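As a plain string of letters, each chain reads:
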Amino acid sequence: QVQLVESGGGAVQAGGSLRLSCAVSGRSLSNYATGWFRQAPGKEREFVAAISWRSRNTYYADSVKGRFTVSRDNAKNTVYLQMNSLKPEDTAVYYCASNNGAVIPGTSGREYDYWGQGTQVTVSS
């Protein structure tokens, strides 16, 4: 059974940093890409970042490019999202998700077949 567990969320002031972790079990990060999504109250879920399984290529939404960094530790089967220069508009529940096998992970949630429970990130101005 595939499980993803996020941690590391919290409340910070604008300009601060947080690092989210996503521990994956039941599926190797060496074979499946992993993505991060977020959903703010009253808004649709949106793609944030992803890391491929083969080449470790990374992909970002324009809104977080240059501020967020996605990485993974295959030995720990864990994916990270380092978030710097946080803004109030980054406030959301953040989810990690395991891609269903694409070499290049997409930005649609439909391409991801396992999801974590989410972790809250709140950025105050």
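Residues numbered from 1 in each chain as written. Predicted model: local features only at pLDDT ≥ 70, side-chain atom pairs only at ≥ 80, totals over all residues. Heavy atoms only, no water.

Tracing the sequence through the fold places Ser 21 in strand β3 (residues 18-25). Taking the relative accessible area as the measure of exposure, Ser 21 reaches 16% and is therefore buried. Setting aside its immediate chain neighbours within four residues, Ser 21 contacts Val 5, Glu 6, Ser 7, Trp 36, Thr 78, Val 79 and Tyr 80. (Helix = DSSP H or I, 4+ residues; strand = E, 2+ residues; numbered from the N terminus. Buried < 20%, exposed > 50% of the residue type's maximum accessible area, 1.4 Å probe, protein only. Contact = heavy atoms within 4.5 Å.)

What follows is about the state of the cysteines. Inspection of the entire model under this criterion finds one disulfide. Across the disulfide, Cys 22 is cross-linked to Cys 96 (sulfur-sulfur distance 2.0 Å). On the sign convention where negative means left-handed, the S-S torsion of about 70° between Cys 22 and Cys 96 marks this disulfide as right-handed. Here the residue Cys 22 occupies a position in strand β3, and Cys 96 occupies one in strand β9 (residues 92-99), the gap between them amounting to 74 residues. (Disulfide = S-S within 2.5 Å.)

Our focus in this paragraph is the side chain of Asn 77. Checked against the element boundaries, Asn 77 lands in the loop between β7 (68-73) and β8 (78-83). If we skip the residues at most four places from it in the chain, Asn 77 touches Cys 22, Ala 23, Val 24, Ser 25, Arg 27, Ser 28 and Leu 29.

One open sheet accounts for four strands, arranged β1-β3-β8-β7; its pairing is antiparallel. In this open sheet, the two strands that pair with only one neighbour each are β1 (3-7) and β7. Across the sheet, the mean angle from the axis of one strand to that of its neighbour is 15°, orientation sign disregarded. One ladder, built from six bridges, connects β7 with β8; its direction is antiparallel. (Pairing = 2+ DSSP bridges. Axes fitted to C-alpha atoms, helices over the stretch in contact; angles between N-to-C directions.)

A few words on the pairing of strand β11 (residues 119-124). Going residue by residue along β11, you find Thr 119, Val 121 and Val 123 tucked away on one face and Gln 120, Thr 122 and Ser 124 left uncovered on the opposite face. With four bridges connecting them, strand β2 (residues 10-13) and β11 associate as parallel partners. Within the sheet, the bridge partner assigned to Ala 11 lies in β11 and is Thr 122. Two elements, β9 and β11, share three bridges in a ladder whose sense is antiparallel. For Val 93, the partnering residue across the bridge sits in β11 and is Gln 120.

Attention now moves to the pattern of salt bridges. Pairing is possible between side chains of opposite charge, provided their charged atoms come close. Within the structure shown, the criterion is met by five salt bridges. Ionic pairing is found between Glu 46 and Arg 38, a salt bridge with its closest N-O pair at 2.6 Å. With a closest N to O distance of 2.9 Å, Arg 38 and Asp 90 form a salt bridge. Of this pair, Arg 38 sits in strand β4 (residues 34-39) while Asp 90 is found in the loop between β8 and β9, placing the two residues 52 residues apart along the sequence. The residues Arg 38 and Asp 90 share a single accessibility class, namely buried. Residues participating in the shared-partner salt-bridge network are Arg 38, Glu 46, Arg 67 and Asp 90. (Salt bridge = Lys/Arg side-chain N within 4 Å of Asp/Glu carboxyl O.)

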